Amino acid sequence: MGVMASMLEISGLRKSYHNLVAVDGVSFRAGQGETVGLLGPNGAGKTTTVSIIAGLIRPDAGEVRIAGRAISSDTDPAKQSIGLVPQDLGLYDQLSARENLRLFGALYKMSGAPLRHAMDEALDLVGLSERAKDRVKEFSGGMKRRLNLAAALLHDPQLLLLDEPTVGVDPQSRNAIFDNLESLKKRGKTLLYTTHYMEEAERLCDRLVIIDHGKIIADDTLQGLHRRFCAQNLLTVELEDGELSIDELLIDGLSIDALRQVPGVESVERRGHSLRIGVRDLARDSAAILQWLAERGQHVQHFASERTSLETVFLTLTGRSLRD
Ligand SMILES: Nc1ncnc2c1ncn2[C@@H]1O[C@H](COP(=O)(O)OP(=O)(O)O)[C@@H](O)[C@H]1O
Ligand SMILES: [Mg+2]
């Protein structure tokens, strides 16, 4: 794959609030049509970064380039190519969906037929055409999120900044939002997707930028992250709940530490009668592990494998869970 032209390029962004450094030298890029996940726990600096890109916050240092051009002022025309779906909903409950969109359109100086057309298209994309005349106060949390997405699309931006767009959303609406984002991806939009849900990032993103304490700690494809930071596969081996429990397994000197020494084993974790074992090569390593257990008189009752998740990657990188 060739290097895509940059839609977004940020370098050396810094922002402090009094003594607190919220964003501490953040640099990354997003190619045209690429979906980049900005992933990090609460307080990592995601919203501050996104707000700087959107021009809502002035950084202490650093530069934001959109389609190759540095953004120089609040009125820079390049800002027209950015759509922001903020973390906090910005909707008027007493107004209808359409009336809300009209207000957003006015922010982009849109009116008349072009605005009507844009509103129809955005409502259609997020699946709210039927509810356009209903007041927002009658909407579910998920519908409000979808309307907020529609609002960010009115001026047909090339770059969409999405700041935790699924927080507080029911599973059905979450799926709808994902479908919407996937169709925007297909239309060639560049997406910067901020989240602390790993499974979302795994589903949607081409590349992941992991941020913690205001610093980028990883920037890679999903595959690249797996390759670099953790075992490819997680085996769950359930041992027979019989005479030999795992505790006895340990007493017998067949310790977890010994299992860790088996070639191919990256990690071992015990959960009741199950062992969760990280391995790199599923076929080769599981055979060796099963044999190792059999040689020690262990009967395997159940055996399953799954790909390790980004959660594991994140734990490896930061020593803490994304959901903390
Ligand atoms: N307006 C503000 N004043 C003071 N501190 C702030 C402000 N906005 C954010 N912070 C702090 O900056 C850090 C990063 O916040 P934020 O960018 O919102 O993180 P995230 O979106 O990843 O949860 C946090 O410690 C937060 O408390
Ligand atoms: Mg945030």
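Below is a short write-up of the structure. (Residues numbered from 1 in each chain as written. Chains lettered and ligands numbered in written order. Predicted model: local features only at pLDDT ≥ 70, side-chain atom pairs only at ≥ 80, totals over all residues.)

Structural notes on the overall build of the protein chain
Counted only if it meets this: Secondary structure elements follow DSSP: runs of H or I no shorter than four residues count as helices, runs of E no shorter than two count as strands, and numbering proceeds from the N terminus. Exposure classification rests on a simple neighbour count of other C-beta atoms within 10 Å of a residue's own: a residue reaching 20 or more is buried, one at 12 or fewer is exposed, and one in between is partly exposed. C-beta atoms are placed from the backbone. By the convention adopted here, residues are in contact when the distance between their C-beta atoms, placed from the backbone, does not exceed 7 Å.
The helix and strand tally for the protein chain stands at 11 helices and 14 strands. Of all 324 residues assigned to the protein chain, the portion counted as buried reaches 35%. A fraction of 71% describes how many contacts in the protein chain between residues 6 or more apart in sequence connect residues 24 or more apart.

Overview of the sheet that holds strand β6 (residues 82-85)
We apply this condition: Being paired, for any two strands, means DSSP has found at least two bridges between them. For every element, the axis is a line fit to its C-alpha atoms; helices are fit only across the contacting stretch, and the angle between N-to-C directions ranges from 0 to 180 degrees.
Taken together, six strands build an open sheet; the order of strands is β6-β7-β8-β3-β9-β10 and the sheet is mixed. A single partner strand is all that each edge strand has here, and the edge strands are β6 and β10 (215-221). On average, each strand axis in the sheet is inclined to that of its neighbour by 15 degrees, with strand direction left out of account. In terms of strand pairing, β6 meets strand β7 (residues 159-163) through four bridges, oriented parallel. If you follow Val85 over to β7, its bridge partner there is Leu162. Against the sheet, helix α1 (residues 46-53) makes contact with β3 (35-39), β7, β8 (190-195) and β9 (207-212), and its axis sits at roughly 150 degrees relative to β7, the strand it touches most.

Details of the site of ligand 1
Spelled out, the test is: Only the C-beta atom, placed from the backbone, is used; a residue is near a molecule or strand if that atom lies within 6 Å of it. By the convention adopted, Pro, Cys, Tyr, Trp, Phe, Met, Ile, Leu, Val and Ala count as nonpolar, Lys, Arg, Asp and Glu as charged, and the other residues, Gly among them, as polar.
By nearness alone, every residue bordering ligand 1 is listed as Tyr17, Leu20, Ala22, Gly40, Asn42, Gly43, Ala44, Gly45, Lys46, Thr47 and Thr48. Contributions of two or more residues to the shell around ligand 1 are made by β2 (20-31) and α1. When residues in the shell around ligand 1 are grouped by element, the largest group, three residues, is from α1. For the shell around ligand 1, the residue count by class is four nonpolar, six polar and one charged.

Digging into helix α10 (residues 282-295)
Test applied: Expected span of a helix: the number of residues minus one, times 1.5 Å. Think of it as the arc spanned by the lines of direction from the helix axis to the C-beta atoms.
Given a rise of 1.5 Å per residue, 14 residues ought to cover 20 Å, and the 20 Å separating the end C-alpha atoms of α10 matches this to within 8%. Of all the residues in α10, the buried ones are Asp285, Ile289 and Leu293. Angular distribution of buried residues about the axis of α10 spans 70 degrees; they occupy a single face of the element. In this structure, α10 carries Ala283, Arg284, Ala287, Gln291, Ala294 and Glu295 as exposed residues pointing more than 90 degrees from its buried face. Turning to α10, the residues buried within the fold contact β11 (233-239), β12 (265-271), β13 (274-279) and β14 (300-307). Just downstream of α10, Gly297 is the residue with a positive phi angle, here 75 degrees.

Some thoughts on the sheet that holds strand β5 (residues 69-70)
Read across the sheet, four strands follow the order β2-β1-β4-β5 without closing on themselves; strand pairing throughout is antiparallel. The strands lining the two open edges of the sheet, one partner per strand, are β2 and β5. Relative to strand β4 (residues 61-66), strand β1 (residues 6-17) runs antiparallel, the two being bridged by five bridges. Bridge pairing in β4 links Glu9 to Arg65.

A closer look at the nonpolar core
Under the convention used in this document: The nonpolar core criterion groups buried Ala, Val, Leu, Ile, Met, Phe, Trp, Tyr and Cys residues into a set whenever they are joined through C-beta atoms within 7 Å.
Formed by 58 residues in total, the largest nonpolar core has its most connected members in Ala122, Ala150, Leu161 and Leu192. Looking at this core, the element that brings in the most residues is helix α4 (residues 141-153), giving seven residues. In this view, Leu161 contacts Val50, Ile53, Ala54, Ile82, Gly83, Leu84, Val85 and Leu192; residues no more than four positions away in its chain are not counted. Val237, Val268, Val279 and Leu293 belong to the second largest nonpolar core, which has 10 residues in total.

Quick look at the environment of Arg271
With respect to the secondary-structure elements, Arg271 resides in strand β12. Residue Arg271 is classed as exposed on the basis of its C-beta count, with 10 C-beta atoms lying within 10 Å. Between the alpha carbons of Arg271 and Glu238 there is a distance of 9.3 Å; along the sequence they are 33 residues apart.

Examining the environment of Glu121
With respect to the secondary-structure elements, Glu121 resides in helix α3 (residues 112-125). Note on Glu121: 14 C-beta atoms within 10 Å, which makes it partly exposed. Residues Glu121 and Ala150, 29 residues apart in the sequence, show an inter-C-alpha distance of 8.7 Å.

Focus on α4
The first and last C-alpha atoms of α4 sit 19 Å apart over 13 residues, in line with the 18 Å expected at 1.5 Å per residue. Along α4, 11 of the 13 residues are buried, which leaves the element largely enclosed by surrounding structure. Along α4, the positions that sit buried rather than exposed are Met143, Lys144, Arg145, Arg146, Leu147, Asn148, Leu149, Ala150, Ala151, Ala152 and Leu153. The inward-facing, buried residues of α4 contact β6, α2 (97-107), α3, β7 and α5 (171-186).

Some points on the packing of α4 against α5
In a pair of packed helices, the angle between the axes and the distance between the axes together describe the arrangement. As a reminder, the rule being used: Roughly parallel means an angle under 35 degrees; roughly antiparallel, over 145; roughly perpendicular, 65 to 115; everything else is oblique. Crossing handedness: left-handed means the near helix sits turned counterclockwise from the far one by under a right angle, and right-handed means the same turn made clockwise.
Across the interface, α4 lies against α5 with an axial gap of 9 Å and an inter-helix angle of 15 degrees. In terms of their interaxial angle, α4 and α5 are classed as roughly parallel. Every pair of crossing elements has a handedness; the one defined by α4 and α5 is right-handed. Contacts between α4 and α5 involve Gly142, Met143, Arg145, Arg146 and Leu149 on the former and, on the latter, Gln172, Ser173, Arg174, Ala176, Ile177 and Asn180. Among the residues forming the contact of α4 with α5, the class breakdown is four nonpolar, four polar and three charged.

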